[in-house]
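# Architecture and fold: a report
Next come the chains, spelled out residue by residue.
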Amino acid sequence: MKVQLRNLPLLPTTVIGSYSMPGWLERLKTEYFLRRITRHELDEIQDTAVKAAIKDQEIAGIDVVTDGELRRDNMIDYFAERLPGVQIERTAKKFYYDFHDSTVRGKLPVASLGLVDDFRFLRECTERETKFSITGPLSLVKRIRNEHYPSDEAFALDLARVMNLELKELVKAGARFLQIDEPYYSGFPEDLGWGVKALNTLVDGVNAKIGLHICYGNRYGKPTWEGNYRYLFPTILEAPVDQLALEFGRRGEEDLDLFREYSPPFELGLGVIDIKTHTVETPDMVAERIRKALEIIPAERLYINPDCGCLHLPRDIAFAKLRAMVEGTRLIRRELGA
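Read on for a plain summary of the structure. Keep in mind the model is a prediction, meaning the values are calculated, not measured. Counting of residues starts from 1 at the beginning of each chain's written sequence and follows it residue by residue. Residues qualify for local features only when their pLDDT is at least 70, as the model is predicted, and side-chain atom pairs are given and counted only at 80 or more; totals for whole chains, interfaces and linings, by contrast, use all residues. The side-chain numbers reported here are obtained from all heavy atoms of the structure, hydrogens and water having been left aside.

## Some thoughts on empty space enclosed by the protein
The criterion, for reference: Think of a 1 Å grid over just the protein atoms. A cavity is a set of points where a 1.4 Å probe fits yet cannot get out, a pocket is an open set with protein on both sides within 12 Å along at least five of seven lines, and lining residues have an atom within 4 Å of a point. Grid points are joined across faces, edges and corners, and a volume is the space filled by probe spheres set on the points. Gly falls in the polar group here, along with every residue not listed as nonpolar (Ala, Val, Leu, Ile, Met, Phe, Trp, Tyr, Cys, Pro) or charged (Asp, Glu, Lys, Arg).
All told, the structure shown has one cavity of 30 Å³ or more when counted by the stated rule. When its volume is computed, the largest cavity comes out at roughly 30 Å³. Counted by class, the lining of the largest cavity contains one nonpolar, three polar and four charged residues.

In structure tokens form, the structure reads like this:
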């Protein structure tokens, strides 16, 4: 492992990335796309929302916090509109959560994506350990129209080359835990081989703890695909990451047997909270899910997190779920004498 995070308890708790998107922020983001408020006004509004998301995580007892990803309309556009060489038809997007109509028509040049400023804002707003998430190359190329490269693989490898420099700048700014989000692995398992190659290029020489989050999608709080994680193995063993964050809260613990079968070298970010239902788990439910994982994986190699982002949950539900996750984890820590 490249980087050890400091002052974390056994079974550290974290979120995957996003926190509840307030309805008022949805409306104001849309107002911006309708040109009714300025970019400066939207930035001030988003600063306030990010501070509130960080505070909620702290109050809930989360050990490793994020900025809630409340500056992001969705997991694609936040990067597409920053990537040099990606052309965006800005009049096509009317609602904040829609995808831009984005296209690449030439080789991607190297330039800053401006992610460091958003990371620094997070870092300045908390004394806890932080995590910053980056959408991975495979997921990005599946949503950006390619009119230049000979294949998705070639596009993803070049995109990873450009983004690699940005990840190194994040590390220079103090980022110690970077998570790559690749839900599209589950939608395009036949592309996993080159997806892992692109991941290698993305994180090459990046001196940080690298997590990889793979789920089955979370569009409007619903899964985009179904299946199991067997398709990941053994190819995923070649991924240059320190942690896999996977969903188990919604789908059950059956896929934990893959960790017994293949003994991967990674930590597991154990999804114990189903973010696709408004039913709030109890601490005892969370504790039992952790106990099941501990039958296979040592506590020193487990992080505890929701299945996916909390974007589509109402704020009171998201907060209650995080509190239950933290309390259930504390039950297990006491059982382990930690």
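## So, unusual backbone geometry
Note the threshold: Secondary structure elements are defined from DSSP: runs of H or I of at least 4 residues count as helices, runs of E of at least 2 residues count as strands, and each element is numbered from the N terminus.
Here the amide bond leading from F233 into P234 is cis, since omega sits at 5°, within 30 degrees of zero. Here P234 shows up in the loop between β8 (209–214) and β9 (243–246). A positive phi angle, near 55°, is found at L11, a position not held by glycine. With respect to the helices and strands, the residue L11 is situated in the segment before α1 (23–33). Phi angles above zero are rare outside glycine, and E69 is one such case at about 55°.

## A look at the layout of surface pockets
Considered as a void within the structure, the largest pocket measures approximately 500 Å³ in volume. Taken together, 26 residues line the largest pocket, and the ones lying closest to its centre are M75, Y97, P183, N218 and R219. Split by residue class, the lining of the largest pocket holds eleven nonpolar, nine polar and six charged.

## Observations concerning the state of the cysteines
Note the cut-off: Note on terminology: disulfide denotes any pair of cysteine sulfur atoms within 2.5 Å. Here's how the labels work: a residue is buried when its accessible area is under 20% of the maximum for its type, exposed when over 50%, partly exposed in between, all with a 1.4 Å probe on protein chains only.
Applying the stated rule across the entire model yields zero disulfides. The thiol of C215 is unpaired, and the distance to the nearest cysteine sulfur, on C308, comes to 3.7 Å. Judged by its relative accessible area of 2%, C215 falls in the buried class.

## Looking at the packing of helix α4 (residues 115–124) against helix α6 (residues 152–172)
Operational definition: Only the contacting stretch of a helix is used when fitting its axis, a line to C-alpha atoms as for every element, and angles between N-to-C directions run 0 to 180 degrees. The cut-offs work like this: below 35 degrees is roughly parallel, past 145 is roughly antiparallel, 65 to 115 is roughly perpendicular, and the gaps in between are oblique. By definition, any crossing whose near helix is turned counterclockwise from its far helix by less than a right angle is left-handed, and any crossing with a clockwise turn is right-handed. In what follows, residue pairs with any heavy atoms lying within 4.5 Å of each other are defined as contacts.
Contact geometry of α4 with α6 gives a least axis separation of 9 Å together with a crossing angle of 30°. Viewed along their axes, α4 and α6 adopt a mutual orientation that is roughly parallel. Helix-helix and strand crossings are classified by hand; for α4 and α6 the assignment is right-handed. Contacts from L115, V116 and F119 of α4 reach α6 at E166, E169 and L170. Classifying every residue of the contact of α4 with α6 by side-chain character gives four nonpolar, no polar and two charged.

## A look at the packing of helix α2 (residues 39–60) against helix α11 (residues 315–335)
Where α2 contacts α11, the axes come no closer than 9 Å and their chain directions differ by 35°. Considering only the axes of α2 and α11, their crossing is right-handed. Contact residues: D56, I59 and A60 in α2; R315, F319, L322, R323 and V326 in α11. Here the contact of α2 with α11 is built from residues that sort into five nonpolar, no polar and three charged.

## Remarks on the environment of Q4
Of note, Q4 is situated in the segment before α1. You can call Q4 exposed: its relative accessible area is 59%. Q4 sits 205 residues away from K209 along the chain, and the two C-alpha atoms are 7.2 Å apart.

## Side note on the environment of I180
Take I180: it is sitting in strand β7 (residues 177–181). Taking the C-alpha atoms as reference points, I180 and E335, 155 residues apart in sequence, are found 32 Å from one another. I180 has contacts with I134, G136, L167, L199, L202, V203, I210, G211, L212 and H213, leaving out every residue within four places of it along the chain.

## Points about the sheet that holds β9
To be explicit about the condition: Should DSSP find at least two bridges between two strands, the strands are regarded as paired.
The strand order across the open sheet formed by six strands is β5-β7-β8-β9-β10-β11, and the pairing between neighbours is parallel. Across the chains shown, the open sheet's two edge strands, defined by having one partner strand only, are β5 (132–135) and β11 (302–306). Each neighbouring strand pair of the sheet contributes to a mean axis angle of 25°, computed without reference to strand direction. Against the sheet, helix α10 (residues 283–294) touches β10 (267–273) and β11, its axis set at about 150° to β10.

## Some thoughts on the packing of aromatic side chains
Put simply, the rule is: Centres within 6.5 Å are what make two rings of Phe, Tyr or Trp a pair, Trp counting through its six-membered ring; a difference in plane orientation under 30 degrees is then read as stacked, over 60 as edge-to-face, and the rest as tilted. The criterion for a charge sitting over a ring is simple: Lys NZ or Arg CZ within 6 Å of the ring centre, and within 35 degrees of the ring normal.
Within the structure shown, the criterion is met by twelve aromatic pairs. Each residue in the set F95, Y96 and Y97 is aromatic and connected to the rest through ring pairs, giving one cluster. Between K142 and the ring centre of F188, over which it is positioned, the NZ or CZ distance is 4.3 Å. Sitting over the ring of F99, R143 keeps its end group 3.8 Å from the ring centre.

## Describing α6
The following threshold applies: The span one expects for a helix is its residue count, reduced by one, times 1.5 Å. Throughout, the bend at a residue refers to the angle made by two axes, fitted to the seven residues ending there and to the seven starting there.
Compared with an ideal rise of 1.5 Å per residue, which puts 21 residues at 30 Å, α6 spans 30 Å between its outermost C-alpha atoms and is within 8% of the ideal. At V162, α6 is deflected by roughly 25°, the largest bend along its length. For α6, the full list of buried residues reads F155, A156, D158, L159, A160, V162, M163, N164, E166, L167 and L170. Of the residues flanking the end of α6, it is G174, one or two places downstream, whose phi is positive at about 115°.

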